[in-house]
Amino acid sequence: RGTENLESLIQRHAPVGNFVLLGWLDNIEAFYESITVYCQSSITESFGIEVVEAMSRGRVVIVSETTGASDSIVNNINGYKFEISDTPTDNYYRKEDLEVSWPAFQMGGLINSLKDRPSLEMLANRARETSLRYDWEIIKQKYFEVWKIP
């Protein structure tokens, strides 16, 4: 499923201007500075370091409940999770299901509702605080503890 499918779905189901497919970016810092909300619409992402990257820059994140990063998100506290209600076939969602009811395209309404600046700032600050748990030194130490490396 390449960007061709996403472009088609966006054109049919999302309000104009709510989604932009950027492709490869050389300057990721500029990207994070240019956004307010980061939505990872993947339904099968194991973790996705970019969620933590966005949180570390004080961006509100939206992820599906089926991604690894969803374990770090508490709804309305440090981000948002959306539910996947379709039934997968052989661990993949059928194209027909995605075209009809893919939850990521319902996120446009949520994003539009994030106009309350104090609430947005509170979520962003909590996201930044949450991201501190993912410092590489802390992660390395946890691996050492699990593997019993002195």
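Residues numbered from 1 in each chain as written. Predicted model: local features only at pLDDT ≥ 70, side-chain atom pairs only at ≥ 80, totals over all residues. Heavy atoms only, no water.

1. Here we look at the environment of Asp71
Along the polypeptide, Asp71 turns up in the loop between β2 (60-64) and β3 (80-82). Using a relative accessible area of 71% as the deciding quantity, one classes Asp71 as exposed. (Helix = DSSP H or I, 4+ residues; strand = E, 2+ residues; numbered from the N terminus. Buried < 20%, exposed > 50% of the residue type's maximum accessible area, 1.4 Å probe, protein only.)

2. Quick notes on the confidence of the model for the chain
Here the chain shows a mean pLDDT of 77. Residues at 70 or above account for 74%. No element of the chain has a lower mean pLDDT than helix α4 (residues 95-101), which averages 44, and none a higher one than helix α3 (residues 49-56), which averages 93. Here residues 86-102 is modelled with pLDDT under 50, and outside its nearest four sequence neighbours on either side it reaches 23 contacts, counting other chains as well. (pLDDT = per-residue confidence, 0-100. Contact = heavy atoms within 4.5 Å.)

3. Things to note about the sheet that holds strand β1 (residues 37-40)
Pairing is parallel in the open sheet, where 3 strands are placed in the order β1-β2-β3. Both edges of this open sheet fall to β1 and β3, since each of them pairs with a single strand only. For this sheet, the mean inter-axis angle between neighbouring strands, taken without regard to orientation, is 15°. Of the pairings in the sheet, the one linking β1 to β2 comprises 4 bridges and is parallel in character. For Val37, the partnering residue across the bridge sits in β2 and is Val60. Along the sheet face, α3 touches β1 and β2 and points at about 170° away from the line of β1. (Pairing = 2+ DSSP bridges. Axes fitted to C-alpha atoms, helices over the stretch in contact; angles between N-to-C directions.)

4. Quick look at the packing of α3 against helix α6 (residues 117-131)
Two measures define how a pair of helices packs: the angle their axes make with one another and the distance between the axes. It is at 7 Å that the axes of α3 and α6 come closest, and there the two elements cross at 125°. Classified by the angle their axes make, α3 and α6 are oblique. As for the relative orientation of α3 and α6, their crossing is left-handed in sense. Contacts between α3 and α6 involve Val52, Met55 and Ser56 from the first element and Ala127, Arg128, Thr130 and Ser131 from the second. (Parallel < 35°, antiparallel > 145°, perpendicular 65-115°, else oblique. Left-handed = near helix turned anticlockwise from the far one by under 90°.)

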